[in-house]
Amino acid sequence: MAANDPGQPLHPSTELTDWSRNLPTPASALAIGAHPDDVEFGCGGLLAKWAADGCTVHHLVCTDGSKGTWDADVDVDELAARRQDEQREAARRLAGANAGEVRFLGYVDGELDSGLDARGRVALTIRELRPSVVLGHDPWKRYRLHPDHRHAGLLVCEGIVAARDPHFFREHPVEHHRPDALLLWEADEPDHVEDVTDFVATKLEALEAHQSQFESTMKAVDDAELDEFRARVADRLGLLGAPHSMRAAEVFTLIDDL
Ligand SMILES: [Zn+2]
């Protein structure tokens, strides 16, 4: 397996008969990623589908993305600012008029910790934005190397608990909020599938807003390689959909009754 293969897992293990499929479109969704571009890899097709059906799509990015380059001489502050602009553009491409807020916690890339400070800030974001569905990294994915992805996943899960229960972080100036469902992408044992057949192109357009990542993450420094990247993403979504008779799908672990 590759250590840096972002997005969707290829080998779901849960018996197909046990899978749920295609949640009703929620009124609003909040996707929480470690870095700019994680959300688009993890659930860009689904967010585009929901936005097209009226869902307001919010983003929360935990780190500044300042290590996302192979250029050892880069100005990291400039890179972080550029990546915020790219994330805002990606959110606009995904959701159009239904793009909601794009927020940044600003922790240093590579140094994200799932401690109380960050958990409180994630919980506050959930309480302020009041999403029906929250989406994030699966923190329990086996053999995951990048610590930010693991910690961002823990922050999503623990932030929901803190957001929903009134006695956590009582200093918050807003009411507690209990989302209806949590979807974890890059799931270790996915059990939920979403048909994104009509939204592969939108997912790709949003991914391609992250131009600073073309060299390091997309491996797309010229038009031919960009075409190969598009084909890789589309092929993977096709492989994930095939067992469910969908032409393209994104898969998740679904946790509901929160
Ligand atoms: Zn990432």
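Refer to the structure presented above.
Every value quoted in this text rests on a predicted model; they were computed, and no experiment measured them.

What counts and how
Residues numbered from 1 in each chain as written. Predicted model: local features only at pLDDT ≥ 70, side-chain atom pairs only at ≥ 80, totals over all residues. Heavy atoms only, no water. Salt bridge = Lys/Arg side-chain N within 4 Å of Asp/Glu carboxyl O. Helix = DSSP H or I, 4+ residues; strand = E, 2+ residues; numbered from the N terminus. Buried < 20%, exposed > 50% of the residue type's maximum accessible area, 1.4 Å probe, protein only. Contact = heavy atoms within 4.5 Å. Core = buried A, V, L, I, M, F, W, Y, C linked by side-chain atoms within 4.5 Å. Donors = N, O, S within 2.8 Å, 3.2 Å for Na, K, Ca; no water. Tetrahedral: all angles 85-135°; square planar, octahedral: opposite > 155°, others 65-115°. Pairing = 2+ DSSP bridges. Axes fitted to C-alpha atoms, helices over the stretch in contact; angles between N-to-C directions. Expected span 1.5 Å × (residues − 1). Arc of directions from axis to C-beta. Polar contact = N/O pair within 3.5 Å; in protein donor to acceptor, adjacent residues only side chain to side chain.

As for the pattern of salt bridges
By the definition in use, this model includes 17 salt bridges. Taking the shortest distance from any N to any O, the salt bridge between arginine 88 and aspartate 85 comes out at 3.0 Å. Placement of both arginine 88 and aspartate 85 in helix H2 (residues 76-95) is noted, with a separation of 3 residues, approximately one turn of the helix. A salt bridge links glutamate 101 to arginine 103, with the shortest nitrogen-to-oxygen separation between them at 2.8 Å.

A few points about the environment of tyrosine 143
Tracing the backbone shows tyrosine 143 in the loop between strand E5 (133-137) and helix H4 (147-164). Here tyrosine 143 falls in the exposed class, since its relative accessible area comes to 64%. When the C-alpha atoms of tyrosine 143 and arginine 21 are compared, they prove to be 27 Å apart, with 122 residues separating the residues in sequence.

Things to note about the environment of isoleucine 255
Position of isoleucine 255 relative to the elements: it lies in strand E8 (residues 249-256). With 72 residues separating them along the chain, isoleucine 255 and leucine 183 place their C-alpha atoms 6.3 Å apart. Discounting residues that sit within four places of it in the chain, isoleucine 255 has contacts with Ala181, Leu182 and Leu184.

Things to note about the nonpolar core
If you look at the biggest cluster of nonpolar residues, it comprises 25 residues, and the most contacted ones within it are Ile32, Cys62, Val122, Ile160 and Leu182. Among the secondary structure elements, those contributing two or more residues to this core are strand E2 (28-33), strand E3 (56-63), strand E4 (99-107), helix H3 (116-129), H4 and strand E6 (181-185). Of all the elements, H4 adds the most residues to this core, at 7 residues. Once residues lying within four places of it in the same chain are set aside, the contact partners of isoleucine 32 are Val39, Leu60, Cys62, Val122, Val134, Leu135, Gly136, His137, Val156 and Trp185.

Points about the coordination of the zinc ion
Protein ligation of the zinc ion involves His35 (ND1), Asp38 (OD), Asp38 (OD) and His149 (NE2), the donor distances falling in the range 2.0 to 2.4 Å. Every donor counted, the 4 donor atoms about the zinc ion form angles of 57 to 136° at the centre, which fits irregular coordination. Coordination of the zinc ion draws on donor residues from a single chain, spaced H-x2-D-x110-H in sequence. The pair histidine 35 / aspartate 38 is uniform in exposure class, with both members buried.

Some points on the sheet that holds E8
The strand order E1-E7-E8-E6-E5-E2-E3-E4 describes an open sheet built from 8 strands, whose pairing is mixed. Each edge of the open sheet carries a strand with a single partner, namely strand E1 (20-21) and E4. Against the sheet, H3 contacts E2, E3 and E4, and its axis sits at roughly 170° relative to E4.

Focus: helix H6 (residues 223-241)
The periodicity of an α-helix, 3.6 residues per turn, causes residues three or four places apart in sequence to face the same way. Along its 19 residues, H6 runs 27 Å from first to last C-alpha, staying within 8% of the 27 Å computed at 1.5 Å per residue. Of the residues making up H6, those classed as buried are Leu226, Phe229, Val233, Arg236, Leu237, Leu240 and Gly241. Looking straight down H6, one finds that the buried residues subtend no more than 145° of arc, so they occupy a single side. Facing away from the buried side of H6, by more than 90 degrees, are the exposed residues Asp223, Asp235 and Leu239. Against the buried residues of H6 lie helix H1 (38-52), helix H5 (200-207) and E8. For H6, the side-chain oxygen to backbone nitrogen distance between the N-cap and alanine 224 is 3.2 Å, and the N-cap itself is aspartate 222.

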